[in-house]
Amino acid sequence: MSETKNLLLIVATTEPANQYASYVVAFMAKKLGNVPNVTIFYGPNAVNMAKKGELAKLAIPQEVKELIAGQLEGLAAADLPDNLEQMARFQKDQLGVTIASCATFHVINGFAESVDDTSNIEDFIVPVKLPNAWGALNGADKILYF
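Cut-offs used in this document
Residues numbered from 1 in each chain as written. Predicted model: local features only at pLDDT ≥ 70, side-chain atom pairs only at ≥ 80, totals over all residues. Heavy atoms only, no water. Helix = DSSP H or I, 4+ residues; strand = E, 2+ residues; numbered from the N terminus. Buried < 20%, exposed > 50% of the residue type's maximum accessible area, 1.4 Å probe, protein only. Contact = heavy atoms within 4.5 Å. Lys, Arg positive; Asp, Glu negative; His and termini not counted. Charge placed at Lys NZ, Arg CZ, Asp CG, Glu CD. Pairing = 2+ DSSP bridges. Axes fitted to C-alpha atoms, helices over the stretch in contact; angles between N-to-C directions. Patch = residues over 30% accessible without salt bridge, like charges linked within 9 Å, V, L, I, M, F, W, Y side chains within 5 Å. Areas by Shrake-Rupley, 256 points an atom, 1.4 Å probe, with all protein chains shown as cover. Salt bridge = Lys/Arg side-chain N within 4 Å of Asp/Glu carboxyl O.

Undergrad: I'd like a rundown of the overall build of the chain, residues and numbers included.
TA: Within the chain one finds five helices and five strands. In the chain, the succession of helices and strands from N to C terminus is β-α-β-α-α-β-α-β-α-β. If you line up the chain on its principal axes, its C-alpha atoms span 45 × 40 × 25 Å. Relative to its 146 residues, the chain shows a buried fraction of 41%. When contacts within the chain are restricted to residue pairs at least 6 apart in sequence, those whose partners lie at least 24 apart make up 74%. One finds the centroid of the 11 positive side-chain charges in the chain at a distance of 4 Å from the centroid of its 16 negative side-chain charges.

Undergrad: Describe in detail the sheet that holds strand β5 (residues 142-145), supporting the description with residues and values.
TA: The parallel open sheet is built from five strands, whose spatial order is β4-β3-β2-β1-β5. For this open sheet the edge positions go to β4 (126-128) and β5, each flanked by a neighbour on one side alone. Averaged over all adjacent pairs, the angle separating strand axes in this sheet is 25 degrees, with direction ignored. Here helix α1 (residues 16-31) sits on the sheet in contact with β1 (6-11), β2 (37-42), β3 (98-102) and β5, set at roughly 170 degrees to β2.

Undergrad: Describe a nonpolar patch on the surface, listing the residues and the values that go with them.
TA: Together, Trp134, Leu137 and Tyr145 give the surface a local cluster of nonpolar side chains, amounting to about 370 Å² of exposed area. Structurally, Trp134 can be placed in helix α5 (residues 130-139).

Undergrad: Describe the side chain of Glu122, naming the residues involved and giving the relevant values.
TA: Its place among the elements puts Glu122 in the loop between α4 (103-108) and β4. Not counting residues up to four positions away in its chain, the partners in contact with Glu122 are Ala50, Lys51, Lys52, Gly53, Glu54, Glu85 and Arg89.

Undergrad: I'd like a description of the environment of Glu3, backed by residues and values.
TA: Within the element layout of this structure, Glu3 appears in the segment before β1. Taking the C-alpha atoms as reference points, Glu3 and Cys102, separated by 99 residues in sequence, lie 27 Å from one another.

Undergrad: Could you give me a rundown of unusual backbone geometry, with the residues and numbers involved?
TA: Positive phi, close to 50 degrees, is recorded for Asn34, a residue that is not glycine. In this structure, Asn34 sits in the loop between α1 and β2.

Structure (structure tokens):
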């Protein structure tokens, strides 16, 4: 069995559980799986999560922090952020997780004027054009859908 080098997590809905799960799996892949390249990609049905402020709306309650930390050696509930925007920033900055979204659907969903318009998306999310989205799909060793 080969080791995963490039993991692509496609978030396909705006459901909070899918958002939480994608970030937990990305964390586990980096910390426990030692996967070098992990990408969370917001697809067409979840691209609205890339808008500024949307991930911050998804709080991580104290009881959830305790539940997660209780399963991972060396992690305390106090180590976990208060919302998914903070989690995303931590994962990008500290773990090297790439967080991307489809720029074409930014335009289709009406919060971008063009595929180059980043004025309404989070600064830590990379807007990708269609060829780059294909490249991520084609280059992944493993693709998981949330």
